[in-house]
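Fold and geometry: a report
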Amino acid sequence: MEKTKIAVLVSGGGTNLQALIDSAACGQLSSGELALVLAGNREAYALRRAEKAGIPTEIVVKKECAGQAEFEKKMLAALEKYGIQLIVLAGFMNILSADFTSRYPERIINVHPSLIPSFCGRGFYGLRVHQAALDYGVKVTGATVHFVNEIPDGGRIIAQKAVEIQPGDTPEILQKRVMEQAEWILLPRAVEQVSAAILKGETI
Ligand code: GAR
């Protein structure tokens, strides 16, 4: 069966990548093939997860490039090499330029650990997002899966799920709850939905 070729872009632990690997293994992700894991960091544990699952890996480190243009040129070359049709940002800690995002309109998905438009945009990533939610004192946070455009965290929303904040939460405790109750559920579902739509030539 023909499948949408997916690249997962990672920088860290890769638990969202693992959720995608697991959903492919159990058949939930059936319209897409995890064809490439592209890491922005040589030490990303996500690379080990990819290797264990038999997914090809590539590494492109921004600091080792002359600038954003060279960084993106290298990434585009890797994506083209594997015939990638859908890009999933799963804890990828680099912002992509308008030049890059405009090449893949509604073909880049991101998972963000808050209910957008709260606690999002430039500077809001990883534990900083959860710290900001705790500092503000909101009682509910969550996760958002959205398309990526030229505005950081500003693309069309695909799915959201709310998660309650509990007394005594630290950023680390909250991050784990948001991952377990929202991110690892929403992301595989959205990736299957978009992969299936791409195969049918439809938009979601
Ligand atoms: C996840 O919580 C993801 O939502 C967040 O980084 C974490 C990566 O974890 N992404 C952002 O903050 C993007 N702005 P993982 O490497 O274990 O999937």
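What you see is a predicted model, and the numbers here were worked out from it, not measured in a lab.

**A word on the packing of helix H1 (residues 15–25) against helix H6 (residues 171–200)**
Two elements in contact, H1 and H6, have axes whose closest approach is 9 Å; the angle formed by their N-to-C orientations is 55°. Considered as vectors, H1 and H6 are oriented oblique to each other. The handedness of the crossing between H1 and H6 is right-handed. For the pair H1 and H6, contact is made by Thr-15, Asn-16, Ala-19, Leu-20 and Ser-23 and by Met-179, Glu-183, Trp-184, Leu-187, Pro-188 and Val-191, respectively. Here the residues of the contact of H1 with H6 are counted per class, giving 7 nonpolar, 3 polar and 1 charged.

**Observations regarding the site of the ligand**
Taken together, 14 residues lie near the ligand, and Gly-14, Thr-15, Asn-16, Gly-126 and Glu-183 sit nearest. At 3.0 Å from an oxygen atom of the ligand is found a side-chain nitrogen or oxygen belonging to Asn-16. With respect to the ligand, the side chain of His-112 contributes an N or O atom lying 3.3 Å from a nitrogen atom. Its free accessible area being 440 Å², the ligand has 93% of it covered by the protein chains. Secondary structure elements with two or more residues in the shell around the ligand: H1, strand S5 (108–112) and H6.

**Points about the packing of helix H5 (residues 127–136) against H6**
Running from N to C, H5 and H6 cross one another at 110°; their axes reach a closest spacing of 9 Å. Overall, the two elements H5 and H6 adopt an arrangement that is roughly perpendicular. In this structure, H5 uses Leu-127, His-130, Gln-131 and Leu-134 to contact H6, whose residues at the interface are Pro-171, Glu-172, Leu-174, Gln-175 and Val-178. Taken together, the residues of the contact of H5 with H6 sort by class into 5 nonpolar, 3 polar and 1 charged.

Criteria and cut-off values
Along each chain, residues carry numbers from 1 onward, in the same order as the chain's sequence is written. Predicted model: local features are reported for residues with pLDDT of at least 70 only, side-chain atom pairs are reported and counted for 80 or more only, and whole-chain, interface and lining totals are derived from all residues. With hydrogens and water stripped out, all remaining heavy atoms of the structure feed into the side-chain values. Axis geometry follows a simple rule: fit a line to the C-alpha atoms, using only the stretch in contact for helices, then measure angles between N-to-C directions, giving values from 0 to 180 degrees. Each helix corresponds to a stretch of at least 4 residues labelled H or I by DSSP, and each strand to a stretch of at least 2 residues labelled E; elements are numbered beginning at the N terminus. Put simply, angles under 35 degrees are roughly parallel, angles over 145 are roughly antiparallel, angles from 65 to 115 are roughly perpendicular, and the rest are oblique. Less than a right angle of anticlockwise turn of the near helix away from the far helix marks a crossing as left-handed, whereas a clockwise turn marks it as right-handed. Any two residues whose heavy atoms approach within 4.5 Å are treated as being in contact. For this classification, Asp, Glu, Lys and Arg are treated as charged, while Ala, Val, Leu, Ile, Met, Phe, Trp, Tyr, Cys and Pro are nonpolar and the rest, including Gly, are polar. We call a residue near a molecule or strand when any one of its heavy atoms sits within 4 Å of it. Contacts described as polar in this section are N or O atom pairs within 3.5 Å, which, within protein, must combine one atom able to donate a hydrogen with one able to accept it, while residues neighboring in sequence count only if both atoms come from side chains. Note on areas: Shrake-Rupley, 1.4 Å probe, and residue coverage restricted to the protein chains presented here.

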